[in-house]
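# Results of the structural survey
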Amino acid sequence: MRKPIFMAGAIAASVFSLSPMLSAQEVSEKTIENAKTLRAAALRDNSAYDILESLTTEVGPRPAGSEADKLAIKWGIEKFKSLGFDKVWTEPVKHTGWARVLESAVVKSPFVQPLQITALGGSVSTPEGGLDAEIVHFNSFEDLQAAERSEVEGKIVFISNRMARTRDGSGYGPANIARRSGADETARKGGLAVLIRSIGTDSHRLPHTGQMAYAGDVEKVPAAALSNPDADLLERIFKRGKPVKISLRVETKDLGPIETANVIGEITGREKPDEVVVIGGHLDSWDLGTGAIDDGAGVALTVATADLIKRTIKERPRRTIRVIMFGAEEVGLVGARQYAEAHKDEIPNTHIIGAESDFGAGKIWALASKVSTNSQHVIDKMAQLMGPLGVIRAEVEAGGGPDVGRIGDKGMPVVDLKQDGTDYFDLHHTADDTLDKVDPEALRQNLAAWSIFAYIAAEWPGDFR
Ligand code: ZN
Ligand code: ZN
């Protein structure tokens, strides 16, 4: 057994030495030393937390198109300027606005029980005076799809499937279809409104909002989410086997066309200023919390990353580091899509590599990439330098995040600094998304990993494409 394994190793080593990997540009000793300096500095640095404290305290909830969103844009410009970024500007983002006015639900029979609900983003209102109707229970969106029209017609639909808790957030996608498409499927079968179990992993009595969408081919019916304990309660009531009637009231406002912005700040590269490393998060948030973990933390971290590099390393990195605070993410990645479209011709030439922070404020545990074979060793080196922070090199291909991933779609290589999201969906899109949930030590760990990535990406002279 031993000998073949040894032989295999020797063959692999000799193949490796003939591969183009070794002719690819190594990361210089000086760059590695500077990355280590940044790592040490980040672990003593509270700037990410301070920026997040500023955003959540001075702005708070900031849905796209709201007055607070305008304030957030001003805050972003001022923050970049006060930190001494070399260039600061905004690019317009156009969309339509939506606002919640009020929402309430009560079980009327067989037992009277008030329910905690929140309207889903984009939902229409219930008719004047609200809806009083029988409610029908489905265990999943698929069960609703399979239902006969006669089961749903004239009723309110309740979809009760629960999202699974995972470190990587993989439970979100499968559960999310009820939120995105529950209303259309209900309307197709003649239903009056849809109530879903919140897409969240907590047991608090706080419902989770989030964007839903109408396909436009059927009538628009209201959509709202129940907190997890309320969904449990409703399921128990259904187990009694009697018809269940509820009273539902949702009032929302269509704000019409709105203009928001992507807020952009740069640390200009000393040698290749036109080549940019893109980092960022989204500036807008839902209206229920103060958007601390979604995505104040991502904005704060990426701003702090560029700032830390500027403060800590004597000369500017070879390439430009561009920090983008994306607008209108929550309502459909709107700022990111408009940025990618506006810059599509230059992205393949000038956007060297990018990454996004939009998965809360938990520690980073893995580094994944989608880069050329000739630059894999650079990402490996980054992961090695992140090793002491508890970060491993991930085998999976990176997606780049909801916003930066859209630039990736246009040809920019991407990495993912994967955060531990085990608790992320306890708070996500709820009133509980507030600053006290953020651990300053975890933010410092994030900052250390982010500065290793951004600095080496901007300093290493080779190509990731
Ligand atoms: Zn987000
Ligand atoms: Zn979100």
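No experiment lies behind these values; they were computed from the predicted model shown. (Residues numbered from 1 in each chain as written. Chains lettered and ligands numbered in written order. Predicted model: local features only at pLDDT ≥ 70, side-chain atom pairs only at ≥ 80, totals over all residues. Heavy atoms only, no water.)

Right, let's talk about the environment of Asn228 for a bit. Assignment of secondary structure puts Asn228 in helix H8 (residues 228-239). Note on Asn228: relative accessible area 1%, which makes it buried. With 68 residues separating them in the primary sequence, Asn228 and Ser160 have C-alpha atoms 9.1 Å apart. If we ignore the near neighbours within four places in the chain, the residues touching Asn228 are Arg162, Arg197, Ser198, Gly200, Thr201, Asp202 and His204. (Helix = DSSP H or I, 4+ residues; strand = E, 2+ residues; numbered from the N terminus. Buried < 20%, exposed > 50% of the residue type's maximum accessible area, 1.4 Å probe, protein only. Contact = heavy atoms within 4.5 Å.)

By the assigned domains, the chain splits into domain 1 (29-86 + 268-459) and domain 2 (100-253). Each of domain 1 and domain 2 was reduced to a C-alpha centroid, and the two centroids are 34 Å apart. Taken together, the 20 residues of domain 1 in the interface contact 21 residues of domain 2. Roughly 1600 Å² of surface becomes buried between domain 1 and domain 2 when both sides are summed, with 57% attributable to carbon and sulfur atoms. Together, Trp286, Phe425 and Asp426 form the three largest contributors to the area buried by domain 1 at its contact with domain 2, with a combined 32%. Taken together, the connections running from domain 1 to domain 2 amount to three salt bridges. Notably, a salt bridge pairs Arg165 with Asp426, separated by 3.0 Å at the nearest N-O pair. If you look at where domain 1 meets domain 2, you find 10 residue pairs in polar contact (both at pLDDT 80 or more). Looking at which element gives the most residues to the side of domain 1 that touches domain 2, the answer is helix H14 (residues 424-427), with three residues. (Domains from an automatic or database assignment. Buried area = accessible area lost by both parts, 1.4 Å probe. Salt bridge = Lys/Arg side-chain N within 4 Å of Asp/Glu carboxyl O. Polar contact = N/O pair within 3.5 Å; in protein donor to acceptor, adjacent residues only side chain to side chain.)

Moving on to the coordination of the zinc ion (ligand 1). The expected angle between donors at a tetrahedral four-coordinate metal is 109.5 degrees. At an octahedral six-coordinate metal it is 90 or 180 degrees. For the zinc ion (ligand 1), the protein coordination sphere consists of His282 (NE2), Asp294 (OD), Asp358 (OD) and Asp358 (OD), at 2.0 to 2.5 Å. Taken together, the four donor atoms coordinating the zinc ion (ligand 1) and their angles of 54 to 147° define a geometry best described as irregular. All donors of the zinc ion (ligand 1) come from a single chain, and their spacing in sequence reads H-x11-D-x63-D. Here the zinc ion (ligand 1) and the zinc ion (ligand 2) are spaced 3.4 Å apart, linked through Asp294, which binds each one. Here Asp294, found in helix H9 (residues 292-312), pairs with Asp358, found in the loop between strand E11 (351-356) and strand E12 (364-370); they are 64 residues apart in sequence, far enough to count as distant. As far as the burial class goes, Asp294 and Asp358 line up, both buried. (Donors = N, O, S within 2.8 Å, 3.2 Å for Na, K, Ca; no water. Tetrahedral: all angles 85-135°; square planar, octahedral: opposite > 155°, others 65-115°.)

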